[in-house]
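Each chain, written out:
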Amino acid sequence: MSVHRKQDAPDERNVLDTTKQGVLGEPLERPEGLLKVTGTATYAAEFDAENCLEGVLVTVPVVRGKVTSIDRESALQMPGVVAVIADERLTGRAAQGMAGEAPFQPAQQVCYWGQPVALVVAESFEEARDAAKHLAVEIDEDGDEAPLDPDAVEAEQRKPTKNGDLAHAMTQAVHSVDATFTTDGHASAAMEPHAAMAQWDGQSLTVHASLQMLKFNRAELADSLNLKEEQVRLISPYVGGGFGSKLGISEEAVGASLAAMELGKPVRVVMSRQQVFQTVMRRSETTQRVRLAADGEGRLTGFGHEARVSNLPGEEFAEPVLQSSQFLYGGDNRLLQLEVARIHRMTAGSVRAPGEAVGVQTVEQAMDMLAEKAGLDPVELRLRNIPDKHPAKDKPYSSRKLAECLREGASAFGWKEGPRKPRHTREGEWWIGSGVASAARIHAVVEAKARVTLRPDGTALVETDMTDIGTGTYAILGQVAGEMLGLSLDDVEVRLGDTDMPPGSGSGGSFGASSCGSAVFLACEGLRDTLAEKLGIEASDLSLKDGFALWEDEKKAITEVLDGKAIEEIGHFEPGKSTEDYAVASFGAFFAEVAVNHWTGETRVRRMTGAFGFGRVLNARTARSQCLGGMTWCIGNALTESLLFDPTDGHLANCDLAEYHVPVHRDVPDLEVLLLEERDAAASPIQAKGVGELGLCGGAGAIANAIYDACGARVFAYPMTPDRVLAAMPEA
Amino acid sequence: MPITINDTPHDLPDDPRVSLLDFLRSHAGLTGTKKGCDHGQCGACTVLVNGVRINSCLSLAVTHDGDEVTTIEGLGSPVSPSEMQMAFLRHDGFQCGYCTPGQICSATAMLKEIAAGWPSDATEDLEASPQLTGEEIRERMSGNLCRCGAYANIVAAIRDVAGESA
Amino acid sequence: MRPFDYQRAERLEHAAQLAAGEDTMALAGGTNLIDLMKLQVETPQTLVDIGRLSLGEIADDGEGLRIGALASNTATAAHPRVRSDYPVLARAILAGATQQLRNKATTGGNLCQRTRCYYFTNIDQPCNKREPGSGCGAIDGIAKLHAVLGTSPHCIATYPGDMAVALSALDATVEIAGDGHERSVPVREFHLLPGDTPERDNVLEPGEIITSVTLPAPVGGTHIYRKVRERSSYAFALCSVAAVIDMADNRFTRADLAFGGLAHKPWHDPRIADLLIGSEPSAALFDKAADLLLEDAQGYGENDFKIPLARRTLTAVLCEATGVEA
């Protein structure tokens, strides 16, 4: 049985507010947590297989060219080496999120420095690692003319959004800001390196992989290998972080599969940390011009946001920097223009919160500059510029807690109202200041299926190929089912991460919870209908709580209603017009206090408050943790993270975790999170939106504004490392 | 002499290139210890050797004959978790779970280091006993990266075990 | 990692004999060497494990302190005498790496730590230090970490450590044993500038092993180690200053300063002490000290910022030590 719903209109019933179990939204512990804290959760490379061979990818130090020959003997003669895989089906790039088809092939066509071109397979990891360095590869190099600098090439223009006349509005403005910002490239740097262990039985392929979106990944892998999708099974019950880098398949999955198919033995391939940095996905660097025109009261009359990003030739993805600029603030005269420079660096793709993670913070800095010019409190300026309806399209917002987040965040943080002047507080060598920024992130939902079985013993089983990449999927899907079926979380078993189960949305774009949660919800609605039918009552009269069916004054154990027979439903959720008819997005506000060292320009975030509204909260504990994670990323984004590319040959210089600086414990102070409950009926049948990325969308701007408030250094380049802060520090 | 891992003796590998980390994961079947960077830059591979925490990726297994190694599996199991493991669970001190065993091994050792009076970069008075402040915990845990950003909850979990208000 | 022959030295003489062999390297804590062997930056044919030699003692030698080459960084930083008499050393050690690494890293190994230059650690890039004659990728490349003092056209790498910077300020001595000989070298002369031979980091000859570092008798004064870095922990120095300062009658009586992150070695310029000693502290004087330090400084674009940063960090340290407000 299956329940299908395409959501063409808001679901105002708020069914989950009428159910009785009271488990949804509760800050429950993760059901899989005990496995994780005891080291017994099994990640991709850790599945046991007898006689498993070890593969190591071979990369080439050339920015562009073609592999002309590979001297297999150079590796095969080494101890323990079993095979050199240099099949034309090897992929040379990671697949973009939701591609559903093979990424770039053949790998032998080299497009960026460090591209994998072959795989060496040996009996032991140590043998394979050495042999991979030893394999002799000849390349017809064509790198001299390959463009490497995004600012030195002509860029492709994407379709702009134009309303009115921004240039004119700028000339007429009482207050205006015209500022150009840069952001350096970012790496996802998930803690688990990309890994795959493949087994082939002559007919079908089973791959334990570290991937975020299995239904798409299955199609990508099958297409890469010229197999049918039915021949490929992917298993990913635990994923050691993704942040976009595991949305699509990468070279290790294809390499392990080809080797297993050729050798008839299981093969494991794990990328080295350096390979993860050099080959998977980067967030593009950006150059952004922000123009704001305002009247005497600080109300926007014009809003401009133009951005240049980069990617490899042939890649459609362009960091969607302007995504939330479409709807965050008003201004009748608008120009939003994105352009893409084609350069030879590894593929640019999704890194946590693509677009907003770098696009909101620059607008938020410009807003801060405008507040200063207009002599307004920065919070007040933002409140004045929250538009009534989508500023470019004539449609309403579905729900929006932006003003509440700004007000409640300010109150919790202890924001001092009024216009601001920098350098007001000094403690020894340190300038102290604070800053604010709005948060905004588009909402998306994706088709998803889940099967829910109510077992004769009264417990439930939820099954989908959806993944839990640390987001809390095991908990929240269990809670949706528990709420609908009147069960505690302990009585709901959630199985994830296996393509033998119904295809969910996958984890990405913060849409996993609302999409898969809705599929589980729909399946449970079907189960409730069946139970009601068995009881001979209307479903609307049925309540389920603690394993009992309740109606009127009657009460009956669910096990009795089932009478020894399991019932199951597949919920099938499809996005429809409701998310088109409304401007649907998540909103919030950040407040940060920083200390900037007068002598060295070193910046420390001393405390930070985030207030967020993202629809229904499904689990207050895991939702808060998602926000904490996003805010931690804000600190890296603002202060430390930067991919450094060599100007001569285009290679990534800082390709490890010592030199690419993700924040460490000491960089992250106490963080405060406010979750502002709301119901967004247009967003999904469970009235939930996404939270996995919102905490990263704008917060770096709050830190930048706090740096300015502290020491008077207005820095236009992210990250704001000591050299950049010092260069902007006023003399006196 | 063999190496002892969680009270069980194991023979050392023939290939001297095998790191202690790979020995634990591939030879001893103890995959709770994680490989995040293989170069001592992330802390996911942290284990205790003779009670002292080290990065197992930067140590050759053959150098450890006679040593006593404790891994995350040795600290506690799903049926009998340690206090620190339970505190991480209670405070949601993890998300994806991959850095978690290293964080927990590190945190467990760290409390002993503070008790033993070892100073850190955050210790204000080098000649006094270090206090268990937030800054001390953060500095001493800075060798364990967490990309999910669970740091704030990890500090709360550690404070909980140490008996301070979280 | 290439295959190698693993040998364990049981006695110091044995170690020196073994280490004198061709393509042989000594393994102590391994936190740097194993890292580099995995990258095939280091490819010894023989690895002599000296980790179990009895060189871990930290002992009072009557005046100063003798720190065994195999004393862990942790043990040194936690030693009561180091904490009370040589706090600049404890501070410098604690500012480096992480607790896990310091638990394994040793005194001798830390002195021999190799540069973090991106081009040195990537075997597919030119590097005169790793492969003499192949060129320097950093000079026209990513040079943010790199040196501004004492560079050569062949190499602009920095010595990355913190401990040795404090040892330089303390004027410590490195004790070295070879096959049948022993010698002492002041820390200030232990590391080399790159010159024409950037492949040589220090004065150790093949077969020589560091046995200890000796600290002179304590001199008192104010000890400061100031490290500027991009993260608040677990990052290499953009610039660091180790200072042992003493004053009498508002005049400097001691001003032992050494600098990290600026050169191929811990930088020590005796002219700075000459300038400061006997003078009253002032912002103008500190500026002159910085002028001396930086008179021959040369940036390579990306690291130009280190020149003003070094000036400001030195000023900050001198202000902190003397109470001058600038």
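**A short note on the overall build of chain B**
Summing up its helical and strand segments, chain B has six helices and five strands in all. For chain B, the sequential pattern of α-helices and β-strands runs β-β-α-β-β-β-α-α-α-α-α. Scaling as 2.2 N^0.38, a compact globule of 166 residues should have a C-alpha radius of gyration of about 15 Å, and chain B matches this with 16 Å. When its C-alpha atoms are laid out on the principal axes, chain B stretches across 50 × 35 × 25 Å. Counting all 166 residues of chain B, 70% fall into the buried class. At a minimum sequence separation of 6, the contacts of chain B that also span at least 24 residues come to 56%. Looking at charge distribution, chain B has the averaged site of its 11 positive side-chain charges lying 8 Å from that of its 22 negative ones.

**Considerations on the overall build of chain A**
Assigned secondary structure in chain A consists of 17 helices and 32 strands. What you see for chain A is a C-alpha radius of gyration of 26 Å, in line with the 27 Å of a compact globule of 732 residues. Judged by the C-alpha coordinates and their principal axes, chain A covers about 80 × 70 × 50 Å. The burial tally for chain A puts 69% of its 732 residues in the buried class. Expressed as a percentage of contacts within chain A between residues at least 6 apart in sequence, the contacts between residues at least 24 apart total 81%. Positive and negative side-chain charges of chain A, numbering 71 and 108 respectively, have mean locations separated by a distance of 4 Å.

**Topic: the domain arrangement of chain B**
Residues and elements named next belong to chain B. Once the domains are mapped, chain B shows domain 1 (3–75) and domain 2 (83–162). The straight-line distance from the C-alpha centre of domain 1 to that of domain 2 is 21 Å. Facing 15 residues of domain 1, the contacting portion of domain 2 comprises 15 residues. Across the domain 1 to domain 2 interface the summed buried area is about 1300 Å²; carbon plus sulfur atoms make up 57%. On the domain 1 side of the contact with domain 2, Arg53, Ile72 and Leu75 bury the most area, a combined 42% of that side's loss. At the surface where domain 1 touches domain 2, the tally comes to one salt bridge. For glutamate 113, the salt bridge is made with arginine 53, and the minimal N-O distance between the two is 2.7 Å. Linking domain 1 with domain 2 are nine residue pairs in polar contact (both at pLDDT 80 or more), by the criterion used here. Mapped onto the side of domain 1 that touches domain 2, the elements with two or more residues apiece are β3 (46–49) and α2 (72–75).

**Focus on the interface of chain B and chain C**
With 41 residues of chain B at the interface, the matching set in chain C holds 39 residues. Of the roughly 3200 Å² buried between chain B and chain C on both sides combined, carbon and sulfur atoms contribute 52%. At the boundary of chain B with chain C, the tally comes to four salt bridges. Run the count over chain B and chain C and you get 22 residue pairs in polar contact (both at pLDDT 80 or more). If you list the elements that add at least two residues to the side of chain B that touches chain C, you get β4 (52–55) and α4 (100–115) of chain B. Looking at the side of chain B that touches chain C, the element that brings in the most residues is β4 of chain B, giving four residues. Class assignment for the residues of the side of chain B that touches chain C results in 13 nonpolar, 17 polar and 11 charged.

**Remarks on the interface of chain A and chain B**
In this assembly, 57 residues from chain A lie in contact with 56 residues from chain B. When the buried surface of chain A facing chain B is broken down by residue, Met191, His665 and Arg666 of chain A rank first, second and third, together holding 21% of it. Taking the shortest distance from any N to any O, the salt bridge between aspartate 121 of chain B and arginine 666 of chain A comes out at 2.6 Å. Viewed at the interface, chain B and chain A are joined by 29 residue pairs in polar contact (both at pLDDT 80 or more). At the level of elements, α1 (33–37), α3 (125–134), α7 (273–279) and α15 (620–640) of chain A are the ones that each hand at least two residues to the side of chain A that touches chain B. In terms of residue count, α15 of chain A provides more of the side of chain A that touches chain B than any other element does, nine residues in total. Tallied by class, the residues present in the side of chain A that touches chain B amount to 25 nonpolar, 15 polar and 17 charged.

**Focus on the sheet that holds strand β27 (residues 554–557) of chain A**
All names here are of chain A. Ordered by their spatial adjacency, three strands build an open sheet running β25-β26-β27, and the pairing between neighbours is antiparallel. Of all strands in the sheet, those with a lone pairing partner are β25 (543–545) and β27, marking the two edges. Ignoring which end each strand starts from, the neighbouring axes of this sheet average 25° apart. On the sheet, helix α12 (residues 512–535) packs against β25, β26 (548–551) and β27 and is oriented at approximately 105° with respect to β25.

**Let's talk about the domain arrangement of chain A**
Residue and element names in this part refer to chain A. When its domains are assigned, chain A resolves into domain 1 (2–41 + 447–576), domain 2 (42–351) and domain 3 (352–443 + 584–728). Put simply, the middle of domain 1 and the middle of domain 2, counted by C-alpha atoms, are 34 Å apart. Contact residues are listed per partner, giving 23 residues for domain 1 and 23 residues for domain 2. Approximately 1600 Å² of surface area, both sides summed, lies buried where domain 1 meets domain 2, with 50% of it carried by carbon and sulfur atoms. Counting the surface domain 1 buries against domain 2, the share from its top three residues, Ala41, Ile469 and Thr499, is 35%. There are two salt bridges connecting domain 1 and domain 2. Between aspartate 500 and arginine 233 there is a salt bridge; the shortest N-O distance is 3.1 Å. Its residues assigned to classes, the side of domain 1 that touches domain 2 comprises seven nonpolar, nine polar and seven charged.

**Re the packing of aromatic side chains**
Counted by the stated rule, this structure contains 13 aromatic pairs over all chains. Aromatic side chains phenylalanine 252 of chain C and phenylalanine 286 of chain C sit 6.4 Å apart centroid to centroid with 75° between the ring planes, which places their arrangement in the edge-to-face category. Of the two residues, phenylalanine 252 of chain C sits in strand β11 (residues 251–260) while phenylalanine 286 of chain C sits in helix α11 (residues 283–294), which places them 34 residues apart along the sequence. Comparing phenylalanine 252 of chain C with phenylalanine 286 of chain C shows no difference in burial state: the two are buried. Here a set of aromatic residues connected by ring pairs shows up, and it is made of Tyr43, Tyr238 and Tyr474 of chain A together with Tyr98 of chain B. For the cation-ring pair, arginine 400 of chain A lies above tyrosine 397 of chain A, with the distance from its terminal atom to the ring centre recorded as 3.7 Å. A cation over an aromatic ring shows up here: arginine 607 of chain A above the ring of phenylalanine 413 of chain A, its NZ or CZ 3.9 Å from the ring centre.

**Side note on the pattern of salt bridges**
All names here are of chain A. If you walk through the whole model with that rule in mind, you get 83 salt bridges over all chains. The residue arginine 724 makes a salt bridge to aspartate 184 at a minimum N-O spacing of 3.2 Å. Of this pair, arginine 724 sits in helix α17 (residues 722–728) while aspartate 184 sits in the loop between β10 (175–183) and β11 (186–187), and the two are 540 residues apart along the sequence. With a closest N to O distance of 3.9 Å, glutamate 463 and arginine 495 form a salt bridge.

**Section: α4 of chain B**
Residue and element names in this part refer to chain B. In a regular helix each residue adds 1.5 Å, so 16 residues correspond to 22 Å; α4 covers 23 Å between its end C-alpha atoms and thus fits that length. Burial runs high along α4: 13 of the 16 residues are buried. In the segment just after α4, glycine 117 is the residue with positive phi, at about 85°.

**Thoughts on the sheet that holds strand β3 (residues 65–71) of chain A**
Residue and element names in this part refer to chain A. Read across the sheet, three strands follow the order β5-β3-β7 without closing on themselves; strand pairing throughout is antiparallel. Pairing within the sheet leaves two strands with one partner each, and these edge strands are β5 (109–110) and β7 (136–141). Of the pairings in the sheet, the one linking β3 to β5 comprises two bridges and is antiparallel in character. Within the sheet, the bridge partner assigned to glycine 65 lies in β5 and is valine 110.

**Describing unusual backbone geometry**
Residues and elements named next belong to chain A. In this chain, glutamine 105 is followed by proline 106 through a cis amide linkage whose omega measures -5°. Mapping proline 106 onto the fold places it in the loop between β4 (81–85) and β5. Following tyrosine 718, the chain continues to proline 719 via a peptide bond in cis, the omega torsion being -5°. Not every positive phi belongs to a glycine, and aspartate 546 is a case in point at roughly 50°. Take aspartate 546: it is sitting in the loop between β25 and β26.

**A closer look at the pairing of strand β30 (residues 603–613) of chain A**
All names here are of chain A. β30 sits mainly inside the fold: eight of its 11 residues count as buried. A loop of five residues connects strand β29 (residues 585–597) with β30, the two strands running antiparallel in sequence, and glycine 601 in this loop sits at a positive phi of about 75°. This β-α-β element, β30 to α15 to strand β31 (residues 671–675), shows right-handed connectivity.

Rules of the game
Residues numbered from 1 in each chain as written. Chains lettered and ligands numbered in written order. Predicted model: local features only at pLDDT ≥ 70, side-chain atom pairs only at ≥ 80, totals over all residues. Heavy atoms only, no water. Helix = DSSP H or I, 4+ residues; strand = E, 2+ residues; numbered from the N terminus. Rg over C-alpha atoms; globule rule 2.2 N^0.38 Å. Buried < 20%, exposed > 50% of the residue type's maximum accessible area, 1.4 Å probe, protein only. Contact = heavy atoms within 4.5 Å. Lys, Arg positive; Asp, Glu negative; His and termini not counted. Charge placed at Lys NZ, Arg CZ, Asp CG, Glu CD. Domains from an automatic or database assignment. Buried area = accessible area lost by both parts, 1.4 Å probe. Salt bridge = Lys/Arg side-chain N within 4 Å of Asp/Glu carboxyl O. Polar contact = N/O pair within 3.5 Å; in protein donor to acceptor, adjacent residues only side chain to side chain. Nonpolar A, V, L, I, M, F, W, Y, C, P; charged D, E, K, R; others polar. Pairing = 2+ DSSP bridges. Axes fitted to C-alpha atoms, helices over the stretch in contact; angles between N-to-C directions. Phe/Tyr/Trp six-rings, centres within 6.5 Å; stacked < 30°, edge-to-face > 60°. Lys NZ or Arg CZ within 6 Å of the ring centre and 35° of its normal. Expected span 1.5 Å × (residues − 1). Right-handed = clockwise from strand over helix to strand, strands pointing away.

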